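So you can see what is in the structure, the chains are spelled out below.
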Amino acid sequence: MKLSSFLLLNWLLLAWNTHDVAPKEVLITGKVTVSTVKEVTYTIPHRGIFHWALKASVPVDAQGNFQIKIPCEQTSIVAIGGADQTKKILILSPGEHHKLNLGADKDEDFFEAKGPNEEGQELFQALPNPGFVQVAAGKYFKDTVISEIKSKIAAEKAKDLEPFMALLKAKKITQAFFELVKADRDCYYATMQAQIVWVKLLRTDPDKIKTFSPAYQSWFAETLREYPISSKSLICSFWWQEYAYTYQGVSIYMDKDFDPKQHEERYKNETAHTFKMKDAPKRFSGEFLEYFQFSYLYSACLQKEYEKELIALVEQFKQQYPQSPFSKYLQPLVDPIVEYHLAQAAGFSDQYQFVENYANLNSLEEALQPFKGKKLYIDVWATWCGPCKAEFAHKEGLKKLLAEKGYDILYISIDEPDRDEAWKGMIKYYKLEGNHLRTNKNFNSDLREIFDQGGALSIPWYLIVNEEGKIVTTKAKRPSNLKGLEGQL
């Protein structure tokens, strides 16, 4: 065989075993080592923008293998994860092929990425990731000398970037990878500085907002000059959303015509979201305005407070941006809000019982008096508690189990009195058949003593009470763990 023919044959064999990657696409192939993980989720960057909502998933085959093709026009941040593990963040560029190994169970949690910028990916995983920058900024809230705070933050940022600069110099990461890491760190620490100003502002007496520290106002303005909110590189950062929310919040408070009492009334009258959406064009424009408004509406709907104003605001967004790729992610969140308000027209049937004189009950012991002779499963919740409401998805299985074991259910809300209408509305919406009461201040304090965590109270919280009205367990299993609960009843 001639040498040229031999080389051609080898090239064809190599091509046969190599995955083709389109120029504006990233290919990810990998293996999941946990049998319970049936799919791998991933986010899809839009013009380089990252958002948790922009996601899709692919199935994992019987051998644990998966393949993902992600549209990617520029170097972008992408989150990858199995259903049972923490999401991991990668920086990907068009035309790349990455190989992943995912694993997670009680004893093991690992994420291995092989491919371009491998060492950089590993370092990127190790960067501070507090969930919210405000958490990381907390260590500076008591500091008062701005120059010292700035110096400490600059040192933190330099420490983060130093190893990436070494990798770039050694040509172990690309320039595009490094630039996105730098933009991400710029946005992270810009958000930290803005958050420090925001918290100082929130802790200021409302009557003294007009005279808020000129030094902090100047520092906030300096931060915006150095890290513009309309920067095309910063908007690609994982942290831009928090930076934008903080920027709007501080800017509203610093406006000359800001009225603290009027602002507070907006929350009571459920017009705060409308106000912030109308305010947004003062602060953002173009794609930054579109992304901010989408991100704001998505977060507001996700809270499941079911504010009616959000229905109209989402519709306005869809009309304002008829071609927006973000609209399809909003509609599934606003549909339940529409359903919620339709449900409010219905009254309560006999399946819903409110404990008599509940507003004047001052302790759990008092509340249990009418239930003597009955076994109870108690659900302590609140309308603002997301995890509480997530547990309601298991109410049918819970209802069946409690009936089999001879238990009644008592839902105890710790909402404030001004949430009375929302409380009863959510009882209707979630179809929480059973007994209900809402605590007053004394009752709430009594529950905190029973919870016995130094005055703290974590919800959702579940208790089991016997026929004598005595608490059998203060740590009952959740409805989502029916098998564990069955063993306790």
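Reading guide: rules and limits
Residues numbered from 1 in each chain as written. Predicted model: local features only at pLDDT ≥ 70, side-chain atom pairs only at ≥ 80, totals over all residues. Heavy atoms only, no water. Helix = DSSP H or I, 4+ residues; strand = E, 2+ residues; numbered from the N terminus. Buried < 20%, exposed > 50% of the residue type's maximum accessible area, 1.4 Å probe, protein only. Contact = heavy atoms within 4.5 Å. Lys, Arg positive; Asp, Glu negative; His and termini not counted. Charge placed at Lys NZ, Arg CZ, Asp CG, Glu CD. Pairing = 2+ DSSP bridges. Axes fitted to C-alpha atoms, helices over the stretch in contact; angles between N-to-C directions. Salt bridge = Lys/Arg side-chain N within 4 Å of Asp/Glu carboxyl O. Parallel < 35°, antiparallel > 145°, perpendicular 65-115°, else oblique. Nonpolar A, V, L, I, M, F, W, Y, C, P; charged D, E, K, R; others polar. Phe/Tyr/Trp six-rings, centres within 6.5 Å; stacked < 30°, edge-to-face > 60°. Lys NZ or Arg CZ within 6 Å of the ring centre and 35° of its normal. Core = buried A, V, L, I, M, F, W, Y, C linked by side-chain atoms within 4.5 Å. Disulfide = S-S within 2.5 Å. pLDDT = per-residue confidence, 0-100.

Let us now look at the overall build of the protein chain. Summing up its helical and strand segments, the protein chain has 18 helices and 14 strands in all. Along the three orthogonal principal directions, the C-alpha set of the protein chain runs to about 95 × 65 × 45 Å. Classification of the 489 residues of the protein chain by burial places 47% in the buried group. A fraction of 69% describes how many contacts in the protein chain between residues 6 or more apart in sequence connect residues 24 or more apart. Positive and negative side-chain charges in the protein chain, numbering 61 and 64 respectively, have mean positions lying 3 Å apart.

A word on the sheet that holds strand β11 (residues 407-413). With respect to topology, six strands assemble into an open sheet ordered β9-β12-β11-β10-β13-β14, the strand pairing being mixed. The open sheet has two edge strands with one neighbour each: β9 (352-354) and β14 (471-473). Adjacent strand axes in the sheet meet at a mean angle of 30° when their direction is disregarded. One ladder, built from four bridges, connects β11 with strand β12 (residues 434-438); its direction is parallel. In the sheet register, Tyr411 faces β12, and the bridge partner there is His436. Set on the sheet, helix α17 (residues 441-451) makes contact with β10 (375-381), β11, β12, β13 (461-465) and β14; between it and β13 the angle comes to about 85°.

As a further point, take the pattern of salt bridges. Inspection of every chain in the model, using the stated rule, returns 21 salt bridges. Taking the shortest distance from any N to any O, the salt bridge between Glu156 and Lys139 comes out at 3.6 Å. Taken together, the residues span a long stretch of sequence, with Glu156 in helix α4 (residues 146-169) and Lys139 in the loop between α3 (133-137) and α4 at a distance of 17 residues. Its relative accessible area of 49% is what places Lys139 among the partly exposed residues. Ionic contacts of the salt-bridge type, sharing partners, join the residues Arg47, Lys232, Glu287 and Glu290 into one network.

Moving on, we come to the packing of helix α12 (residues 327-343) against helix α16 (residues 420-429). When two helices pack together, their arrangement is captured by the angle between the axes and the distance separating the axes. It is at 9 Å that the axes of α12 and α16 come closest, and there the two elements cross at 100°. With respect to their mutual orientation, α12 and α16 come out roughly perpendicular. When α12 is examined against α16, the residues Pro336, Glu339, Tyr340 and Ala343 are found in contact with a partner set consisting of Ala422, Gly425, Met426, Lys428 and Tyr429. Partitioned by chemical class, the residues of the contact of α12 with α16 number six nonpolar, one polar and two charged.

Per the stated rule, a full pass over the model turns up 36 aromatic pairs. With a centroid separation of 5.5 Å and 85° between ring planes, the pair formed by Tyr247 and Phe284 is classed as edge-to-face. One end of the pair, Tyr247, is in helix α7 (residues 240-254); the other, Phe284, is in the loop between α9 (272-283) and α10 (286-302), with 37 residues separating them in the sequence. Like Tyr247, the residue Phe284 is buried in the burial classification. Ring pairs connect the aromatic residues Trp240, Tyr245, Tyr247, Phe284, Phe288, Tyr291, Phe292, Phe294, Tyr296, Tyr298 and Phe326, which therefore count as one cluster. Here the guanidinium or amino end of Arg185 rests over the ring plane of Tyr188, the centre of that ring lying 4.4 Å away.

In this section: the nonpolar core. Among the nonpolar cores identified, the biggest contains 128 residues, and Met192, Ile196, Trp240, Phe284, Phe294 and Ile378 are the most heavily contacted of them. Among all residues touching Ile196, those that are not within four sequence positions of it are Ala137, Tyr140, Phe141, Ile149, Ile153, Tyr216 and Trp219. Counting residues in hydrophobic clusters, the runner-up holds 21 residues, among them Val37, Phe66, Leu100 and Leu102.

To continue, consider the state of the cysteines. Within the structure shown, the criterion is met by one disulfide. Put simply, Cys385 and Cys388 are joined by a disulfide, and their sulfur atoms are 2.3 Å apart. The disulfide joining Cys385 to Cys388 has a torsion of about 80° about its S-S bond and is therefore right-handed. As far as burial versus exposure is concerned, Cys385 and Cys388 are alike and both buried. A disulfide-free cysteine, Cys72 has its sulfur positioned 10 Å from the sulfur of Cys236, the nearest such atom. Judged by relative accessible area, which is 1%, Cys72 ranks as buried. Free cysteine Cys301: the closest other cysteine sulfur is in Cys385, separated by 19 Å. Classification of Cys301 by relative accessible area gives buried; the value is 5%.

Time to look at the environment of Met165. For Met165, the position within the fold is in helix α4. Taking the C-alpha atoms as reference points, Met165 and Leu90, 75 residues apart in sequence, are found 18 Å from one another.

The linkage connecting Ile459 with the following residue, Pro460, adopts the cis geometry, with an omega of 5°. Within the secondary structure, Pro460 sits in the loop between α17 and β13.

What follows deals with the confidence of the model for the protein chain. The pLDDT averaged across the protein chain works out to 89; a share of 94% of its residues lies at or above 70. Counting interchain partners and residues more than four positions distant, the pLDDT-below-50 stretch residues 1-18 has two contacts.

With that settled, consider the sheet that holds strand β3 (residues 55-59). Taken together, four strands build an open sheet; the order of strands is β3-β2-β5-β6 and the sheet is antiparallel. Looking along the sheet, the strands with just one partner apiece sit at the ends: β3 and β6 (88-92). With strand direction ignored, the average angle separating the axes of adjacent strands in the sheet is 30°. Along the sheet, helix α2 (residues 118-125) makes contact with β5 (76-82) and β6, crossing β6 at roughly 145°.

Quick look at the environment of Ser349 now. Of note, Ser349 is situated in the loop between α12 and β9. C-alpha of Ser349 to C-alpha of Ile68: the two residues are 281 residues apart in sequence and 49 Å apart in space.

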